[in-house]
Protein chains: 4
Amino acid sequence: MSIVGHFINGKTVDAAERTQDVFNPATGEVSKQVAIAAKDTVEEAVAAASEAYKTWRNTQPIKRARIMFKFKQLLEDNAEKICALIGEEHGKISHDAMGELTRGIENVEFACTAPQMLKGEHSRNVGPDIDSWSEMQPLGVVAGITPFNFPAMVPLWMFPLAIVCGNTFVLKPSERDPSCALLLAQLLQEAGLPDGVFNVVNGDKVAVDTLLTDPRVEAVSFVGSTPIAEYVYATASANGKRCQALGGAKNHAIIMPDADMDNAVAALTGAAFGSSGERCMALSVAVCVGDEAADTFIDKMSHAMKDLKVGAYTDSSNDFGPVITEAHKNKVDGYIASAAEQGATIVVDGRDPKVAGYENGFFVGGTLIDQVKQGMTCYEEEIFGPVLLVVRAESMEQAMQMINDHEYGNGTCIFTRDGEAARYFSDNILVGMVGINVPLPVPVAYHSFGGWKRSLFGDLGAYGPDGVRFYTKRKTITQRWPSSGVREGAQFSFPSN
Amino acid sequence: MSIVGHFINGKTVDAAERTQDVFNPATGEVSKQVAIAAKDTVEEAVAAASEAYKTWRNTQPIKRARIMFKFKQLLEDNAEKICALIGEEHGKISHDAMGELTRGIENVEFACTAPQMLKGEHSRNVGPDIDSWSEMQPLGVVAGITPFNFPAMVPLWMFPLAIVCGNTFVLKPSERDPSCALLLAQLLQEAGLPDGVFNVVNGDKVAVDTLLTDPRVEAVSFVGSTPIAEYVYATASANGKRCQALGGAKNHAIIMPDADMDNAVAALTGAAFGSSGERCMALSVAVCVGDEAADTFIDKMSHAMKDLKVGAYTDSSNDFGPVITEAHKNKVDGYIASAAEQGATIVVDGRDPKVAGYENGFFVGGTLIDQVKQGMTCYEEEIFGPVLLVVRAESMEQAMQMINDHEYGNGTCIFTRDGEAARYFSDNILVGMVGINVPLPVPVAYHSFGGWKRSLFGDLGAYGPDGVRFYTKRKTITQRWPSSGVREGAQFSFPSN
Amino acid sequence: MSIVGHFINGKTVDAAERTQDVFNPATGEVSKQVAIAAKDTVEEAVAAASEAYKTWRNTQPIKRARIMFKFKQLLEDNAEKICALIGEEHGKISHDAMGELTRGIENVEFACTAPQMLKGEHSRNVGPDIDSWSEMQPLGVVAGITPFNFPAMVPLWMFPLAIVCGNTFVLKPSERDPSCALLLAQLLQEAGLPDGVFNVVNGDKVAVDTLLTDPRVEAVSFVGSTPIAEYVYATASANGKRCQALGGAKNHAIIMPDADMDNAVAALTGAAFGSSGERCMALSVAVCVGDEAADTFIDKMSHAMKDLKVGAYTDSSNDFGPVITEAHKNKVDGYIASAAEQGATIVVDGRDPKVAGYENGFFVGGTLIDQVKQGMTCYEEEIFGPVLLVVRAESMEQAMQMINDHEYGNGTCIFTRDGEAARYFSDNILVGMVGINVPLPVPVAYHSFGGWKRSLFGDLGAYGPDGVRFYTKRKTITQRWPSSGVREGAQFSFPSN
Amino acid sequence: MSIVGHFINGKTVDAAERTQDVFNPATGEVSKQVAIAAKDTVEEAVAAASEAYKTWRNTQPIKRARIMFKFKQLLEDNAEKICALIGEEHGKISHDAMGELTRGIENVEFACTAPQMLKGEHSRNVGPDIDSWSEMQPLGVVAGITPFNFPAMVPLWMFPLAIVCGNTFVLKPSERDPSCALLLAQLLQEAGLPDGVFNVVNGDKVAVDTLLTDPRVEAVSFVGSTPIAEYVYATASANGKRCQALGGAKNHAIIMPDADMDNAVAALTGAAFGSSGERCMALSVAVCVGDEAADTFIDKMSHAMKDLKVGAYTDSSNDFGPVITEAHKNKVDGYIASAAEQGATIVVDGRDPKVAGYENGFFVGGTLIDQVKQGMTCYEEEIFGPVLLVVRAESMEQAMQMINDHEYGNGTCIFTRDGEAARYFSDNILVGMVGINVPLPVPVAYHSFGGWKRSLFGDLGAYGPDGVRFYTKRKTITQRWPSSGVREGAQFSFPSN
């Protein structure tokens with residue numbers, strides 16, 4: 001069985017004391033092994049990045065950007081191959097994998113703006129004949145730790161920008177679907193990136209802790225669940241690093257009585273069930289204002305869900321695939337069961353769908369639950385499965401209060417046609433990414449991604465302008481030139497003091 | 001004896017279970033008592049700030065800025081009074097206090113740019129008929145913890161900007177010189193700031209720890225020594241807050257053989273001894289390249305030091321005053337003694353200067369030490385006294401290597417007339433604030449302040465553009481409007497779904 | 001009778017070969033004479049500005065800004081005096097004059113951001129060891145030519161920003177109400193502005209043409225009617241100057257059937273009749289979509305107009321005052337007459353209102369005209385009087401087409417509650433300043449003012465970021481330092497070639 | 001003989017009433033004919049652009065940018081072909097043509113940043129519950145008129161940025177070397193650009209005047225000689241268009257006594273003679289400070305010039321090729337003759353060089369003239385040939401005065417090792433693009449190009465941030481939403497007024 005190794009200093013490194021199973025979630029079978037890095041393997045990657053930094057730091061920004069121009073091309077040329085890898089290890093259907101890759105490529109496109117984005121600010125005459133300017137210099141070695149649910153996109157949020165800013169990078173992708181990161185590394189090399197600038201180590205907590213404590217690592221970008229995000233942020237910070245740690249979510253959509261209901265249903269079908277709900281921007285709670293809106297919504301949504309097809313990534317007519325592991329399938333099923341036990345109504349039950357030929361796959365079908373209330377387990381926790389909860393609110397104020405009370409504040413949206421309702425909502429909701437009739441308000445690559453409350457630890461969001469600021473440190477130079485006699489020309493020889 | 005209290009919710013709060021002595025460092029006598037806040041006093045301040053936030057957040061930026069316009073006027077009108085308070089508790093001579101205040105007022109002037117600086121970014125057509133924009137919204141309650149050495153300036157780095165961005169503020173100034181902060185609070189109130197937006201609590205570790213752990217405090221700005229900065233950063237981060245913690249420094253000046261030596265000596269006299277060297281931007285190490293430069297420098301500097309006058313703040317002809325406490329005086333004297341013991345040469349010994357009429361003051365005179373080397377205690381640690389070390393380097397490379405090897409990276413400068421030397425230096429030195437023939441390269445208020453290495457923990461510097469980013473969080477809205485029939489005009493009544 | 005003179009090089013200059021009457025439009029009487037500058041008087045002002053530029057250019061931006069901080073204070077302290085002057089010569093009621101002044105002061109506040117706004121862009125390593133940066137340098141002498149309708153605000157759009165950017169300025173205000181500009185000049189001097197930096201010349205076409213052709217004038221900002229704007233733009237451009245020339249307007253409000261009609265009526269009452277409609281942002285055409293909306297609007301508006309009070313500026317309970325001259329009163333009356341002749345319906349006729357005690361004043365009362373159509377003189381031309389036209393459209397598309405067909409494109413607005421209608425409108429309307437339920441969408445001072453089509457000639461708008469760009473020219477420096485041996489330290493003497 | 005036609009609405013248009021000869025300047029022979037557009041052909045192109053604008057304007061910026069990403073690839077893939085066309089019609093040697101193309105591609109890379117660069121500014125709460133934002137919208141149809149000397153680069157300064165901002169474009173390239181523009185048009189089409197967005201018309205003054213007066217053309221970018229630039233600016237402005245017109249130059253290098261002379265000579269060899277001096281950034285005057293510097297410079301330069309090879313583009317070992325036409329050759333020769341007549345010393349005379357096999361080519365060899373003085377024809381006018389003048393100055397002040405007195409202010413540079421001299425020079429010189437030890441200080445594509453004085457008419461420079469501003473107009477929206485009852489939820493039906 002093939003072993004997925006590491007990529008260090010421009011070379012694939014296969015040796016590993018320990019390995020772990022990689023499953024095909026559609027079949028439920030182990031398809032590969034992934035190497036689990038020991039501390040010294042991670043340190044080797046850090047050392048390679050550290051060494052490569054010395055020259056990469058001084059490579060002109062436009063030359064760094066040109067590697068990203070080439071990398072974009074290669075990603076487009078290899079799109080099918082990348083999507084197949086994603087499907088095989090993550091289970092995502094090809095159209096969804098392509099969507100993920102496209103959002104990732106957008107970040108590479110943004111990285112191509114580096115010469116523009118790295119500009120510092122210059123002030124003439126901050127004092128008499130004194131000028132001052134800032135330079136946004138790279139940090140050194142930075143690390144990225146990324147989750148299983150977007151094996152291409154989330155790494156692409158991080159390393160293209162970090163690298164184009166002049167840093168070198170060590171990526172620890174999810175050990176559930178590690179192959180994609182290695183392919184990205186090879187394409188970067190093909191695009192002309194010098195060895196050591198980008199490295200991949202596969203591993204578990206040992207690798208993570210090494211990255212969080214190694215003094216040569218200057219910064220850490222993390223995306224994952226909130227408890228781990230919190231641990232990463234506290235640990236990296238206690239080790240003097242800058243850190244941004246993105247955690248979990250519970251994204252609510254408010255459905256107002258004046259909403260275009262067909263539009264809302266269509267939008268939420270994709271936002272709730274796409275990628276089996278394994279997205280930190282998945283819309284997992286619909287808060288309907290008024291029973292009339294709720295009844296209409298449930299009626300139309302349960303109809304729409306009849307057409308949903310769950311299945312293996314190999315059939316692109318499927319809408320979504322399995323969840324990532326058997327354990328996770330059981331957890332999602334458990335949330336559904338708990339909802340029923342705690343008084344909610346299962347309108348559409350997606351547990352144990354029949355997927356012919358894939359009887360051992362980790363499938364959960366689209367599930368719709370009505371009469372959900374604050375306090376229920378399914379409401380308070382992030383399910384990360386194809387489960388849409390419906391909460392009934394008496395007023396928009398009540399709906400907003402629920403959202404503001406929830407510990408997470410990643411994304412949210414409202415469906416309305418009313419300008420005033422939309423503005424009041426976006427202004428007062430304590431959530432970082434807000435959609436108005438847009439169910440998945442993921443900012444485009446030239447804006448920045450960042451939740452509020454316990455969805456993001458740190459002061460700067462991921463990618464876009466915040467990403468540039470995160471991956472650079474400011475140096476401010478203040479300059480005055482004393483006369484040397486050269487200009488005055490009284491003497492052309494060098495003045496002695 | 002008068003008690004310096006707190007300022008909470010627009011009122012001076014005098015009661016305190018505990019108090020601590022405040023000294024006049026020029027006389028060595030206790031002049032006042034300062035209240036030491038208990039946990040619940042701090043919580044009361046946080047509660048006031050929390051309550052005030054609700055309306056302050058929605059006050060238009062231009063109205064917030066106009067309070068800063070008025071505050072600037074009041075600071076100018078009350079400059080003498082502020083400087084007298086600084087002199088009395090800190091010991092700084094009036095011209096130096098006025099310099100500090102002027103730099104502080106610059107930050108108030110920068111705060112007046114808030115309507116401009118708070119602009120978000122708007123993108124039309126991020127998707128078909130979809131627009132997206134960002135808003136830089138305030139955080140909520142933020143805390144500032146400030147050191148004794150700039151009782152006006154460092155608080156003014158923080159709260160005007162934090163407040164004008166829409167936050168409310170709790171300041172814990174140094175308990176060594178607490179009165180200035182209270183006067184600033186009164187002037188702000190006079191300028192029209194609503195009660196509760198700015199609060200001051202005096203205290204010790206109890207107050208600090210309360211601010212670092214109270215969940216209602218969203219962010220912490222700290223300036224102080226590196227060990228405390230590290231503690232503050234780790235603790236605030238572990239409590240999920242954003243934090244910027246500025247620590248200590250050991251700022252080197254490289255003196256090149258081609259330098260304008262008279263200029264360098266004049267510049268360093270102020271930069272090394274001004275404010276008794278109690279500045280995180282004090283220039284405390286002169287690295288002379290070549291023995292000829294070193295000999296000339298020492299000769300000229302020891303001459304110049306003969307004119308230095310140390311004494312009480314009440315006589316404005318003095319150059320600098322006492323250090324802050326008796327304990328600190330003993331510590332500085334001890335560093336001088338250790339230098340001699342470890343092999344350095346005391347060229348000018350400032351220990352126990354005669355200051356007529358102030359025999360019990362905490363004075364240390366200007367001190368110059370030659371033949372200092374890496375590894376000596378006086379070189380490795382921050383002295384924070386009027387002590388200038390001279391290190392002799394054989395080459396510019398060697399001089400730069402010393403700077404890059406030191407744990408601190410706050411400020412540095414080079415004296416040269418040579419364009420290439422200056423550019424090589426500023427490009428390759430691992431220090432955040434670089435002067436070229438400028439000995440104290442403190443960025444002006446519209447740039448940002450931030451050291452590198454163990455001089456700053458966090459990703460964003462103090463004040464200027466970084467300050468605005470630190471005191472705001474990004475909200476990104478993505479908007480699409482479905483047709484409602486209103487525009488098409490087919491029907492003028494409200495469409496039913 | 002007193003003569004209003006010029007202000008040149010810090011001194012009031014009274015002598016004039018020619019003078020012209022200044023009227024009090026409320027009484028219809030001549031109250032003063034204004035000096036009409038000959039060519040050489042204007043040239044004297046340009047010479048003074050030219051000379052002052054030499055040192056002003058190098059004055060630090062923050063010092064220039066501090067004069068504006070002080071100027072703001074003085075404007076506030078002298079607000080009543082300024083408003084009285086405006087009332088006396090322009091006829092504006094004191095609340096309206098204060099509104100004008102407040103918007104003007106906003107521009108002084110924005111000018112205080114100069115140190116921030118003047119920052120250039122710095123790029124490290126545009127080539128190997130090559131850096132490049134831009135500086136936004138002042139132009140030199142710039143001229144402003146301003147209209148009668150905002151004797152304080154429009155000059156304040158221009159000179160504070162031009163001056164704070166490092167330029168010197170010659171203002172030619174309207175000869176109808178020249179006194180305000182002179183008072184501003186005196187306050188600037190009191191604020192500390194060096195002589196010659198700001199100059200005022202009163203005059204007519206001779207003065208204008210001198211400014212447009214003098215080679216020492218680098219740029220011209222103009223606000224006035226479109227034919228003159230066009231002349232100014234063509235002439236200044238043909239003389240190699242940069243120019244921005246703001247002209248006339250015909251601002252339409254679309255009233256949708258779903259609008260909050262009371263809100264729309266209240267908003268339009270001020271926007272149509274305020275300042276007698278003598279504003280380039282006056283809302284002078286209401287386009288009602290559907291007859292129902294039109295009928296309701298006219299009913300409510302004609303009711304509201306009953307409370308409108310027209311009268312002298314001395315009574316602050318008046319809503320608006322006279323128009324500027326007798327000739328202009330006759331012109332406005334003529335437009336009303338022509339409307340009736342061409343088939344429109346005069347719903348409220350404001351001609352020849354009774355204003356007790358001011359029988360000779362140039363008054364026109366609020367006028368409402370229904371059934372206005374494209375092609376009518378009153379529709380095609382700018383009336384600049386208190387006349388609101390109502391046009392009936394069958395659909396929003398038709399309403400928008402009218403606006404897009406009109407030669408002017410300054411401001412417009414829509415009244416609706418519908419998000420989609422608002423977005424479609426703002427996206428597709430060919431007008432530079434758009435209001436959504438905001439009748440006078442004048443951008444705030446930190447944004448920029450600029451119409452489209454024949455309402456603005458030039459590429460940059462007035463004030464705000466565009467203003468800064470207009471009043472500065474870019475200098476880009478590219479720098480590389482060859483080795484001189486100083487850094488390498490091989491030799492400490494100056495290298496011979 | 002083949003006819004070079006136009007490219008209109010996606011199709012090559014060959015028909016032409018009139019044609020003109022296109023020469024191969026190396027052989028002196030006519031190689032092609034170029035069609036000379038009649039007025040209606042130009043109008044057809046404008047009409048096509050006008051029609052295409054309707055949908056292009058609404059194409060998402062990122063989709064427009066992606067065509068530029070693809071275009072960059074195609075330019076790289078077709079580099080040899082492009083360079084061959086340039087050589088054939090312009091005479092430039094292949095390495096120089098490749099340099100030109102590379103700078104052009106940089107502008108395409110910058111155009112890829114459009115989604116970032118087009119961001120407007122958003123302000124929350126400019127008034128109570130009122131928001132305001134700006135959008136940088138396209139202008140419509142814009143025209144570019146470009147010179148013979150950079151048949152690829154100068155068009156690439158303009159149209160990629162104009163197009164990516166949402167405009168459509170009509171290019172009128174030089175009729176001397178028209179083929180390159182047509183190839184660029186084809187590659188754009190291949191990259192996916194819709195028909196009509198980019199059009200090329202070949203022609204003469206008829207075409208130019210049509211573009212300058214057609215009301216559908218909103219803006220004109222021009223690069224050429226100063227008299228024509230002035231005509232274009234005045235005419236376009238008088239027709240109400242925005243215009244930027246870049247004219248001639250006379251770029252001086254100051255050579256200070258402390259300069260690295262070998263570096264200066266090497267740099268000036270390329271900057272003075274490269275591309276036969278037919279560059280608006282060519283360095284054509286060396287001002288040596290002090291006779292010693294002058295003598296050394298002339299000695300080293302005349303030596304260096306011995307290695308210069310002039311010849312046909314087909315031999316890439318040549319340093320530069322012929323000038324563009326026989327008339328131009330005669331003009332350059334005439335300037336050399338006049339220099340001798342007016343008292344200057346011809347140190348190296350490049351007239352009538354022997355180029356074996358190309359006896360009829362329009363060649364002028366590298367020429368060096370000493371003792372040039374202000375007032376001489378060769379000094380006052382732009383030669384646009386491979387001629388380097390040496391002026392001797394007694395001091396840096398005198399050298400700078402000459403530069404500041406000259407009518408042109410495009411580029412300049414100084415050779416020195418002294419920080420103070422460099423800063424004084426760059427701060428006080430009245431030239432828009434300044435080099436410090438950089439002979440051709442052409443700003444990189446992410447900065448902007450713009451001379452001062454009579455080298456640029458208009459307020460915004462070419463390409464970079466200024467280019468984006470030039471090709472967009474600001475729309476500012478101010479928005480307030482009145483309550484509709486939808487949010488309050490009291491009623492879910494539509495409220496009647």
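Residues numbered from 1 in each chain as written. Chains lettered and ligands numbered in written order. Predicted model: local features only at pLDDT ≥ 70, side-chain atom pairs only at ≥ 80, totals over all residues. Heavy atoms only, no water.

Under the annotation held in an unreviewed UniProt entry, chain A carries the name methylmalonate-semialdehyde dehydrogenase (CoA acylating) and is attributed to Microbulbifer agarilyticus.

1. Topic: the overall build of chain A
Definition in use: Numbered from the N terminus, helices here are DSSP runs of H or I no shorter than four residues, and strands are runs of E no shorter than two. Working rule for contacts: check all heavy atoms of both residues, and any pair within 4.5 Å makes them a contact. Each accessible area is a Shrake-Rupley result for a 1.4 Å probe, and residues are judged covered by the shown protein chains and nothing else. Here Asp and Glu are counted as negative and Lys and Arg as positive; His is not counted, and neither are the chain ends. To locate a charge, take atom NZ for lysine, CZ for arginine, CG for aspartate or CD for glutamate.
Helix and strand counts for chain A come out as 16 helices and 23 strands. The long-range fraction of contacts in chain A, counting pairs at least 24 apart against all pairs at least 6 apart in sequence, stands at 73%. On chain A, roughly 14700 Å² of surface is accessible, and the fraction owed to carbon and sulfur atoms is 50%. In chain A, which carries 43 positive and 61 negative side-chain charges, the distance between the mean positions of the two groups comes to 8 Å.

2. Brief notes about the interface of chain D and chain A
Our working definition: Defined in terms of a 1.4 Å probe, buried area is the accessible area two parts forfeit on being brought together, summed over both. Salt bridge, as used here: a side-chain nitrogen of Lys or Arg that lies within 4 Å of a carboxyl oxygen of Asp or Glu. For the purposes of these results, a polar contact is taken to be a pair of N or O atoms within 3.5 Å, where, inside protein, one atom must be able to donate a hydrogen and its partner to accept one; residues adjacent in sequence count only when each atom of the pair is a side-chain atom. Residue classes follow a fixed rule: Ala, Val, Leu, Ile, Met, Phe, Trp, Tyr, Cys and Pro count as nonpolar, while Asp, Glu, Lys and Arg count as charged, and any other residue, Gly among them, counts as polar.
In this complex, chain D contributes 44 residues to the contact, which on the side of chain A involves 44 residues. Overall, the association of chain D and chain A removes approximately 4000 Å² of surface from exposure, summing both partners, and the carbon and sulfur fraction of that is 59%. Of the charged contacts in the structure, one is a salt bridge between R124 of chain D and D427 of chain A, with a shortest N-O distance of 2.5 Å. Seen at the junction of chain D and chain A, the total is 12 residue pairs in polar contact (both at pLDDT 80 or more). Among the secondary structure elements, those contributing two or more residues to the side of chain D that touches chain A are α2 (61-77), α4 (94-111), α5 (114-117), β6 (120-127), β7 (130-138), α14 (396-405) and α15 (419-428) of chain D. Counted by class, the side of chain D that touches chain A contains 19 nonpolar, 10 polar and 15 charged residues.

3. Observations concerning the interface of chain B and chain A
Much of the literature gives interface size as the accessible area that the parts lose upon coming together. Facing the 72 residues of chain B at the interface are 72 residues of chain A. Both sides of the chain B and chain A interface together cover about 5800 Å² of buried area, and 50% of this is carbon and sulfur. Across the chain B-chain A interface, the total number found is 4 salt bridges. As a salt-bridge pair, R469 of chain B and D466 of chain A come within 2.6 Å of each other at their nearest N and O atoms.

4. Quick look at the nonpolar core
Taken as a class, soluble globular proteins show a tendency for nonpolar side chains to be buried jointly. Here is the rule we go by: Residues belong to a common nonpolar core when they are buried Ala, Val, Leu, Ile, Met, Phe, Trp, Tyr or Cys residues joined through side-chain atoms within 4.5 Å. Partly exposed describes any residue whose relative accessible area lies between the buried limit of under 20% and the exposed limit of over 50%, with all areas from a 1.4 Å probe on protein chains only and scaled to the type maximum.
Formed by 323 residues in total, the largest nonpolar core has its most connected members in F71 of chain A, F71 of chain B, F71 of chain C together with F71 of chain D. Beyond its immediate chain neighbours, meaning those up to four positions away, F71 of chain D contacts V108, L156, F159, L184, L187, L188 and A191 of chain D.

5. Thoughts on helix α9 (residues 226-238) of chain B
All names here are of chain B. Threshold: Expected span of a helix, by definition, is 1.5 Å for each gap between consecutive residues, and there is one gap fewer than residues.
Over its 13 residues, α9 runs 18 Å from end to end, which matches the ideal 18 Å to within 8%, given 1.5 Å per residue. When we look at burial in α9, the residues that qualify are T226, A229, V232, Y233, A234, T235, A236 and S237. A positive backbone phi angle near 75° is found at G240, which sits one or two residues after α9.

6. A short note on unusual backbone geometry
Even without a glycine there, the phi angle at N9 of chain A is positive, about 55°. Assignment of secondary structure puts N9 of chain A in the loop between β2 (6-8) and β3 (11-13).

7. A closer look at the relation of the copies chain D and chain A
Heads up, the condition is: Copies overlap after least-squares fitting; the atoms used are the C-alpha atoms of residues with pLDDT of at least 70 in both.
If you rotate chain D by 180° and push it 0.0 Å along the axis, it lands on chain A with an RMSD of 0.1 Å. In symmetry terms, the pair is related by a two-fold rotation axis. Using C-alpha coordinates, one finds that chain D approaches the rotation axis most closely at T113 of chain D, a distance of 2.7 Å. Both copies present the same face, since 100% of the interface residues in chain D are matched by interface residues at the equivalent positions in chain A.

8. Some thoughts on the environment of A47 of chain A
Along the chain, A47 of chain A falls in helix α1 (residues 39-56). When the C-alpha positions of A47 of chain A and I8 of chain A are compared, they lie 9.5 Å apart, and in sequence the two are 39 residues distant.

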